[in-house]
Structures are given as structure tokens and as C-alpha cells.
Amino acid sequence: MPRLPAVRRAELADALTVELVTVVTGARRRALRDGDRQVDTAHLLHSLVEADPESAAAFESPQQRARVLGYLVQRSIGYGLRWQRSVEDTGSDLPVLRGSEGAAAGWSPAAAAALAGAFERAALRGDGRVRGLDLLAALAADPGNRAAEVLRRAGVDRHGLAARTGEPSQQV
């Protein structure tokens with residue numbers, strides 16, 4: 001999987017909360033372990049639910065969160081196998097990170113768009129650091145990404161989930 005030069009990785013890490021750095025690291029590790037060429041939105045969702053307490057708490061119930069994790073765990077043993085060795089794209093109008101920050105960094109176009117959306121949310125909040133809830137809201141906002149498919153199959157209302165992440169101006 002192609003990687004950002006060390007300087008860019010460090011700059012990215014400086015713009016994320018500690019929890020979100022853990023999420024991104026976990027998503028990269030998961031993609032590598034699954035044999036995927038790029039980090040996609042399902043990798044990000046899986047890491048968010050497991051590693052970011054605020055994001056995990058945004059689900060309606062522990063049972064709903066468990067259903068989501070169940071689908072994500074099944075990814076490598078059947079569900080999601082059709083995703084392997086394919087590039088996740090997005091049909092949405094969400095912005096995509098430009099230049100080497102997207103595919104060359106090992107991110108699917110949809111994952112790059114979600115990260116860009118998370119940065120925009122943090123900026124709207126007036127915060128220089130992106131939080132897990134910012135990324136969760138961006139993942140839920142794009143109906144065409146793999147994370148949204150997992151959420152649908154698990155019975156999660158994407159709009160309700162996005163609403164539970166709060167408006168950017170409401171987060172502290």
C-alpha cells in the first residue's frame with residue numbers, strides 16, 4: 001500500500017485527535033491484513049466503532065453497535081469479499097482530497113472524501129483538530145460508500161446517526 005512521506009503523515013497526525021490517529025492507524029492495519037490495496041470507508045468505520053468512544057456512543061444502542069461490528073467482522077469471511085481488490089469510489093458530491101493525499105496515500109476515493117468532509121466539519125466548528133465524530137458524520141453523509149452499505153445492512157439510520165454526532169458548532 002503506498003504511503004505518505006513521513007512529513008505528511010506527521011502533519012496529518014497533528015490535525016487529528018489522539019483517538020482519531022488510533023482509528024486511522026487501525027484502519028491502515030486492517031486494510032493491510034485484509035489484503036486490500038487501499039483503506040476504505042468500511043475500514044474507517046470498523047476502527048471508529050472499536051477505538052473511538054465518542055463515535056461508539058453515537059449509535060442508538062449497544063445492540064445496534066454490535067450489529068454493525070458483526071457485519072464488519074464478517075467482511076473477511078464472506079460479506080464484503082466482493083470488495084477485495086476493487087477500488088471504492090463514491091457517487092456523492094463530497095470533496096476529495098487533492099493530489100497525493102488520496103489514492104497515492106493508500107486511501108480509496110470515498111475514504112479520502114470522508115476525511116476531507118471531517119476536516120471541513122472541524123473547520124466549521126472552529127477547531128484545528130478533527131475528531132472521530134467528524135469522520136463518523138462524514139461517513140454517514142455519503143450514501144454510496146461501503147460504510148453506508150454496512151450501516152444500512154445493520155439497520156442503522158444514517159441520517160439519525162449523523163444527527164447524533166451533533167452539528168459542528170455544537171461540539172466543544
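This is a predicted model, so every value here is computed, not measured.

## Thoughts on the overall build of the protein chain
So, point 1. The helix and strand tally for the protein chain stands at 9 helices and 0 strands.
So, point 2. Helices and strands appear in the protein chain in the N-to-C order α-α-α-α-α-α-α-α-α.
So, point 3. Within the protein chain, contacts between residues at least 6 apart in sequence are counted, and of these 65% link residues at least 24 apart.
So, point 4. As displayed, the protein chain offers around 8000 Å² of accessible surface, 54% of which is attributable to carbon and sulfur atoms.

## Section: the confidence of the model for the protein chain
So, point 1. Chain-level statistics for the protein chain give a pLDDT mean of 80 and a share of 72% at 70 or above.
So, point 2. In the predicted structure, residues 1-7 sits below a pLDDT of 50 and forms 18 contacts with residues beyond four places in sequence or in another chain.
So, point 3. Low confidence marks residues 91-104, where pLDDT is under 50. Its contacts with residues over four positions away, or in another chain, come to 25 contacts.

## Some details on the side chain of S47
So, point 1. Residue placement: S47 occurs in helix α3 (residues 41-51).
So, point 2. In this view, S47 contacts V23, G26, A27, R30 and D52; residues no more than four positions away in its chain are not counted.

## Digging into the pattern of salt bridges
Note that side chains of opposite charge can pair when their charged atoms are close.
So, point 1. Under the defined criterion, the tally for this structure stands at 9 salt bridges.
So, point 2. One salt bridge connects R164 with E60, and the closest N-O pair in it is separated by 3.7 Å. Here R164 is found in helix α9 (residues 158-164), whereas its partner E60 is found in the loop between α4 (53-57) and α5 (62-74), with 104 residues between them in sequence.
So, point 3. Note on E60: relative accessible area 57%, which makes it exposed.
So, point 4. R121 is paired through a salt bridge with D134; the nearest N and O atoms lie 3.2 Å apart. One end of the pair, R121, is in helix α6 (residues 109-125); the other, D134, is in helix α7 (residues 132-141), and 13 residues separate them in sequence.
So, point 5. Residue R121 is classed as buried on the basis of its relative accessible area of 12%.
So, point 6. Each member of the salt-bridge network shares a partner with another, and the members are R121, R125, D127 and D134.

## Thoughts on the packing of α3 against α5
So, point 1. At a minimum axis distance of 10 Å, the contact between α3 and α5 shows a crossing angle of 135°. If you check the angle between α3 and α5, you find them oblique. Every pair of crossing elements has a handedness; the one defined by α3 and α5 is left-handed. Across the interface between the two elements, A42, L45, H46, V49 and E50 of α3 pack against R65, V68, L69, L72 and V73 of α5.

Basis of the calculations
Residues numbered from 1 in each chain as written. Predicted model: local features only at pLDDT ≥ 70, side-chain atom pairs only at ≥ 80, totals over all residues. Heavy atoms only, no water. Helix = DSSP H or I, 4+ residues; strand = E, 2+ residues; numbered from the N terminus. Contact = heavy atoms within 4.5 Å. Areas by Shrake-Rupley, 256 points an atom, 1.4 Å probe, with all protein chains shown as cover. pLDDT = per-residue confidence, 0-100. Salt bridge = Lys/Arg side-chain N within 4 Å of Asp/Glu carboxyl O. Buried < 20%, exposed > 50% of the residue type's maximum accessible area, 1.4 Å probe, protein only. Axes fitted to C-alpha atoms, helices over the stretch in contact; angles between N-to-C directions. Parallel < 35°, antiparallel > 145°, perpendicular 65-115°, else oblique. Left-handed = near helix turned anticlockwise from the far one by under 90°.

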